[in-house]
Amino acid sequence: MRRASNRSEAASYAASDGPYARVVVPSYQVGSRDTRPVAAVDSTFVAEPPPPRNRYVTEPVVVDASIAFLWFANEPDRSGADQLLESDSTLLAPDLMAVEATNAWWKKLRRHEMERADVEQAITNLLALGIAWTPSAMLLPSAARLAVELGHPVYDCLYLALAMSHAAPIATADKRLQQAAGRIGVRVKT
């Protein structure tokens, strides 16, 4: 199996290879003898988004775990999430997002709705998407202020703080987070 060369190709694998995409990432594979931490191998922690991949400037989009979960889980009504994968938008997320998405896949595994290999592949695929990860610690002061102001959990406010810092919309399937975003003027990508 060959490695996807870009996010659009990874999205086409997701569409053509059943409910779970199969992207091989040579620098790190689950179950390999490579003992380096995933973050050091497959993702880059940056505060600024990487430049767009084409000559047109595209708007960055903050992606939360509810969207990332849908990319690699067999769930109904994934069209909005899939469209985001196929776009040229730079995807931004706090580093906590990978943990939250993985936890959601783990829950599906516990309910026997996903296989272990599918969870491992979902993690590999998520880390191969080229998301611009921002350390949660950098967002924490702003997120805490937003949590107090909105009466909303701090971990969700990490996404809002990141969206505000980049004047970017947020993509989420979480209705409460959509409402919180609207209360502070953060656009919701649909």
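The preceding data block contains the structure.
Report follows, based on the coordinates. Everything numeric here is computed off the predicted structure, so don't read it as measured data. Throughout this document, residue positions are counted from 1 along each chain, in the order its sequence is written. Predicted model: local features are reported for residues with pLDDT of at least 70 only, side-chain atom pairs are reported and counted for 80 or more only, and whole-chain, interface and lining totals are derived from all residues. Hydrogens are left out, water is left out, and the side-chain values use all remaining heavy atoms of the structure.

## Focus on the overall build of the protein chain
Here is step 1: Segments assigned H or I by DSSP are reported as helices when at least four residues long, segments assigned E as strands when at least two residues long, and all are numbered from the N terminus. Each helix and strand in the protein chain was counted, giving nine helices and five strands.
Here is step 2: Written out in order from the N terminus, the α and β elements of the protein chain read α-α-β-β-α-α-β-α-α-β-α-α-β-α.
Here is step 3: What makes two residues a contact is simply this: any of their non-hydrogen atoms within 4.5 Å. Counting only contacts in the protein chain whose residues sit at least 6 apart along the sequence, the fraction spanning at least 24 positions is 64%.

## Some points on the packing of aromatic side chains
Here is step 1: Side-chain rings of Phe, Tyr and Trp (the six-membered ring for Trp) are treated as a pair once their centres are within 6.5 Å; stacked means planes under 30 degrees apart, edge-to-face means over 60, and tilted covers the remaining angles. What the rule picks out here adds up to two aromatic pairs.
Here is step 2: Measuring from ring centre to ring centre gives 6.5 Å for W71 and F72, while their planes differ by 70°; the resulting arrangement is edge-to-face. There is no split in this pair, since W71 and F72 are both buried.
Here is step 3: With a centroid separation of 6.3 Å and an interplanar angle of 65°, the aromatic rings of F72 and W105 are classed as edge-to-face. Taken together, the positions of F72 in the loop between α3 (65-71) and α4 (79-86) and W105 in helix α5 (residues 96-110) put the pair 33 residues apart, joining distant regions of the chain.
Here is step 4: Each residue gets one of three labels from its accessible area relative to the maximum for its type: buried under 20%, exposed over 50%, partly exposed in between, using a 1.4 Å probe on protein chains only. Since its relative accessible area comes to 2%, F72 is described here as buried.

## Comments concerning the packing of α5 against helix α6 (residues 116-127)
Here is step 1: Between α5 and α6, the least distance of the axes is 10 Å, while the angle of their chain directions is 165°. The angle between α5 and α6 places the two elements in the roughly antiparallel class. Once α5 is placed against α6, the crossing between them reads as right-handed. Across from M97, A98, A101, T102, W105 and L109 in α5, the residues of α6 making contact are R116, V119, A122, I123 and L126.
Here is step 2: A per-class count over the contact of α5 with α6 returns nine nonpolar, one polar and one charged. Interaxial angle, 0 to 180 degrees, is taken between N-to-C directions of lines fitted to C-alpha atoms, where a helix line uses only the stretch in contact. Each angle receives one of four descriptions, namely roughly parallel if under 35 degrees, roughly antiparallel if over 145, roughly perpendicular if within 65 to 115, and oblique otherwise. Should the near helix be turned anticlockwise from the far one by less than a right angle, the crossing is termed left-handed; should it be turned clockwise, right-handed. Only Asp, Glu, Lys and Arg are considered charged in this grouping, and only Ala, Val, Leu, Ile, Met, Phe, Trp, Tyr, Cys and Pro are considered nonpolar; every other residue, Gly among them, is considered polar.

## Section: α5
Here is step 1: Given a rise of 1.5 Å per residue, 15 residues ought to cover 21 Å, and the 21 Å separating the end C-alpha atoms of α5 matches this to within 8%.
Here is step 2: Listing the buried residues of α5 in full gives M97, A98, A101, W105 and K108. The arc enclosing the buried residues of α5, seen along the axis, measures out at 100°, which places them on a common side. Facing away from the buried surface of α5 by more than 90 degrees, the exposed residues are V99 and R110.
Here is step 3: Its buried side turned inward, α5 meets β2 (61-63), α3, β3 (91-94), α6, β4 (132-134) and α8 (154-166). A helix is expected to reach a length of 1.5 Å times the quantity of its residues less one. The directions considered for the arc are those from the helix axis to the C-beta atoms.

## Some words on the nonpolar core
It is characteristic of soluble globular proteins that their nonpolar side chains tend to be buried jointly.
Here is step 1: Of all hydrophobic cores here, the largest spans 50 residues; its most connected members are W71, M97, W105, L126, I131 and L160.
Here is step 2: The element that contributes the greatest number of residues to this core is α8, accounting for seven residues. We define the nonpolar core as a collection of buried residues of types Ala, Val, Leu, Ile, Met, Phe, Trp, Tyr and Cys that are connected through side-chain atoms lying within 4.5 Å of one another.

## Re the pattern of salt bridges
Here is step 1: Basic side-chain nitrogens of Lys or Arg form a salt bridge, by our definition, when they fall within 4 Å of a carboxyl oxygen of Asp or Glu. Under the criterion given, the structure shown has five salt bridges.
Here is step 2: Note that K108 and E75 form a salt bridge whose closest N and O atoms lie 2.6 Å from each other. One end of the pair, K108, is in helix α5; the other, E75, is in the loop between α3 and α4, and 33 residues separate them in sequence.
Here is step 3: Its relative accessible area of 3% is what places K108 among the buried residues.

## Section: the pairing of β3
Here is step 1: What you see with β3 is no split at all: L91 and A93 on one side and L92 and P94 on the other are buried throughout.
Here is step 2: Strands were regarded as paired on the criterion that DSSP finds at least two bridges between them. As defined by bridge partners, β2 adjoins β3 across two bridges and the pair is classed as parallel. Bridge pairing in β3 links V62 to L92.
Here is step 3: Sheet topology note: the β3/β4 ladder contains three bridges and is parallel. The residue bridging L92 from the neighbouring strand is A132, located in β4.

## With respect to the environment of A144
Here is step 1: Relative to the helices and strands, A144 resides in helix α7 (residues 136-150).
Here is step 2: A C-alpha to C-alpha distance of 9.1 Å links A144 and A161, two positions 17 residues apart in sequence.

## Thoughts on unusual backbone geometry
Here is step 1: Phi is positive for H112, close to 65°, though the residue is something other than glycine.
Here is step 2: Looking at the secondary structure, you find H112 in the loop between α5 and α6.
Here is step 3: With phi around 50°, A167 is a residue other than glycine that occupies positive phi space.
Here is step 4: Tracing the backbone through its elements, the reader meets A167 in the loop between α8 and β5 (170-171).
Here is step 5: Classification of A167 as exposed rests on a relative accessible area of 63%.

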